[in-house]
Amino acid sequence: MSEAVNPLQWRIGLVGYGEVGRILAEDLRAQGVAHIVAYDLKLGTCDERPLLAHAEKFGVHWAQSSAELARAVDLVISAVTARQTVAVAQACAGSIRPQTWFLDFNSASPAAKKCAASALHESGALYVEGAVMTSVPPYRIAVPLLLGGPHAKALEPKLQALGFQPKFASEVLGVASATKMCRSIMIKGLEAMVIESFTSARAYGVEDQVLASLAETFPGIDWEKQGAYFFQRVIEHGRRRSEEMHEAAQTVQDIGLEPWSARGTAERQSWVADLADRGVFGARGTGQFARSADWRSEADRILENLDGKRKDKDPAT
């Protein structure tokens, strides 16, 4: 496409129409982008209804595959789970047109990003790795975003024109994603530790003492509010977070360091996701799911569903 074309006139494709994809669709439409097309693996399944309703509301068209989408747009934004990062790039590689931008929005390891870029190299597509540096919902399209790769600098002003807030990180692929992964070891690890610590404290009846001690050690954090938020995010997105932490573990493993913490975080996030899938926290898709302002209610649900270890037994005896 011509470099003179205003990015707001681009045809933009969203591979992945989950929480992030839907937010981007809404904000791109609000910016004035007229043509948005999406594809999601849930299309054609029993889970497609809310996706279809949202797409209809915001004027988003559907493609029947990643390949069909890639053939028809000027910018592909891949916003899927970490596990699908390379698969999406491979699926797009055979049909994407030369000089089409491909923004990899996924939380994946440097090795996965390099593999995705390699899959698209022969097609002539312009691959750029993106590392989303905090939770998307509070910031929406303006979420802090690091860009990496040989085409990253050229894409930066075009994304700014679309409402993004990107920052060029490096021409070397992997630098942006390494920054993201190392941060995730801390952030997702803290989520896992809070759930484990707070739920255990609740079982022993010492949660007030634990929170008071934390507030004294870290006075800048509202642990009640932060605890509720961590429970909410892991209950709703634990599966995706677990996949991201497996990527973080791979990032650590690739330098020769054993990723004990990252692996443990992945297991705890996945464990909470399993409980959520069983309906322990209520029905997904309802207004109350993963929205409790009191982490204690969610911790009690966890305690009520521990195999063979009930809260009615005094854990201190």
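Residue positions within a chain follow its written sequence, with the count starting from 1. It should be noted that, the model being predicted, local features are given only for residues of pLDDT at least 70 and side-chain atom pairs only at 80 or more, the latter also being counted only at that level, while totals for whole chains, interfaces and linings use all residues. Think of the side-chain values as coming from all heavy atoms in the structure, minus any hydrogens and water.

**Student:** Could you clarify how one ought to interpret the packing of helix H8 (residues 175-204) against helix H10 (residues 223-253) in this entry?
**Tutor:** Packed helices, taken two at a time, are described by the angle between their axes plus the distance between the axes. With their axes 7 Å apart at the nearest point, H8 and H10 run at an angle of 130° to one another. Regarding the angle of H8 to H10, the classification is oblique. In the packing of H8 onto H10, the handedness of the crossing is left-handed. For this scheme, ten residues count as nonpolar: Ala, Val, Leu, Ile, Met, Phe, Trp, Tyr, Cys and Pro. Four count as charged, namely Asp, Glu, Lys and Arg, and the remainder, Gly too, count as polar. Taken together, the residues that form the contact of H8 with H10 break down as 13 nonpolar, four polar and seven charged. For helices, the fitted axis covers only the stretch in contact; all axes are lines through C-alpha atoms, and the angles between them, taken along N-to-C directions, range from 0 to 180 degrees. A run of H or I in DSSP becomes a helix once it reaches four residues, and a run of E becomes a strand once it reaches two; helices and strands are each numbered from the N terminus. If an angle is under 35 degrees, it is roughly parallel; if it is over 145, roughly antiparallel; if it lies from 65 to 115, roughly perpendicular; otherwise it is oblique. Handedness of a crossing follows from how the near helix is turned relative to the far one, being left-handed for an anticlockwise turn of less than a right angle and right-handed for a clockwise one.

**Student:** When you look at the side chain of serine 109 in this model, what are you seeing that I'm missing?
**Tutor:** Mapped onto the fold, serine 109 is located in the loop between strand S5 (101-104) and helix H5 (110-121). Buried means the residue's accessible area, taken with a 1.4 Å probe over protein chains only, is under 20% of the maximum for its type, while exposed means over 50%, and partly exposed covers the values in between. Residue classification places serine 109 among the buried residues on the basis of a relative accessible area of 2%. The contact rule is simple, with two residues in contact once any of their heavy atoms fall within 4.5 Å. Apart from the residues lying within four places of it in its own chain, the contact partners of serine 109 are Ser177, Met181, Glu247, Gln250 and Thr251.

**Student:** Just to check I follow, could you spell out the packing of aromatic side chains for this structure?
**Tutor:** The geometry of two aromatic rings is summed up by the distance between their centres and the angle between their planes. Paired rings are identified among Phe, Tyr and Trp, the last through its six-membered ring, by centres lying within 6.5 Å, and are further divided according to the angle between planes into stacked (under 30 degrees), edge-to-face (over 60) and tilted (the rest). Within the structure shown, the criterion is met by six aromatic pairs. Aromatic ring contacts, followed pair by pair, group Phe198, Phe231 and Trp295 into a single cluster. Against the face of tryptophan 271 rests arginine 268, its NZ or CZ located 4.9 Å from the ring centre. Whether a charge sits over a ring depends on NZ of Lys or CZ of Arg being within 6 Å of the ring centre and within 35 degrees of the ring normal.

**Student:** Sorry if this is basic, but what is going on with the nonpolar core here?
**Tutor:** Grouping buried Ala, Val, Leu, Ile, Met, Phe, Trp, Tyr and Cys residues that are joined through side-chain atoms within 4.5 Å yields what is termed a nonpolar core. Core analysis: the biggest nonpolar cluster contains 34 residues, and Leu75, Ile77, Leu103, Phe105, Leu159, Leu162 and Phe164 have the highest contact counts within it. No other element matches the five residues that helix H1 (residues 19-31) contributes to this core. The contact partners of leucine 75, leaving out residues within four places of it in the chain, are Trp10, Arg11, Ile12, Gly13, Thr100, Trp101, Leu103, Leu159 and Leu162. Val88, Ile96, Ala116 and Tyr127 belong to the second-largest nonpolar core, a separate cluster that totals 20 residues.

**Student:** Looking at this structure, how should I read unusual backbone geometry?
**Tutor:** Glycine aside, residues mostly have negative phi, and peptide bonds are mostly found in the trans state. Phi is positive for arginine 140, which is not a glycine, with a value near 60°. Note that arginine 140 resides in the loop between helix H6 (136-139) and strand S7 (144-148). Under the relative-accessibility criterion, arginine 140 is labelled partly exposed at 28%. Not every positive phi belongs to a glycine, and alanine 290 is a case in point at roughly 55°. Turning to its location among the elements, alanine 290 is positioned in the loop between helix H11 (260-277) and helix H12 (295-303). With relative accessibility at 0%, the residue alanine 290 sits in the buried group.

**Student:** Teacher, can you tell me more about the sheet that holds strand S2 (residues 35-39) here?
**Tutor:** The pairing of strands in a sheet comes from backbone hydrogen bonds and takes either a parallel or an antiparallel form. Here, any two strands with at least 2 DSSP bridges between them count as paired. The strand order across the open sheet formed by eight strands is S3-S2-S1-S4-S5-S6-S7-S8, and the pairing between neighbours is mixed. Since the sheet does not close on itself, it has two edges, and those belong to strand S3 (61-62) and strand S8 (165-170), each with one partner. Direction of pairing for strand S6 (residues 126-132) relative to S7: antiparallel, over a ladder of four bridges. Bridge pairing in S7 places glycine 130 opposite leucine 147. The sheet contacts of H1 involve strand S1 (11-15), S2 and strand S4 (75-78), and relative to S1 the element is tilted by about 165°. On the sheet, helix H7 (residues 152-161) packs against S4, S5, S6, S7 and S8 and is oriented at approximately 175° with respect to S8.

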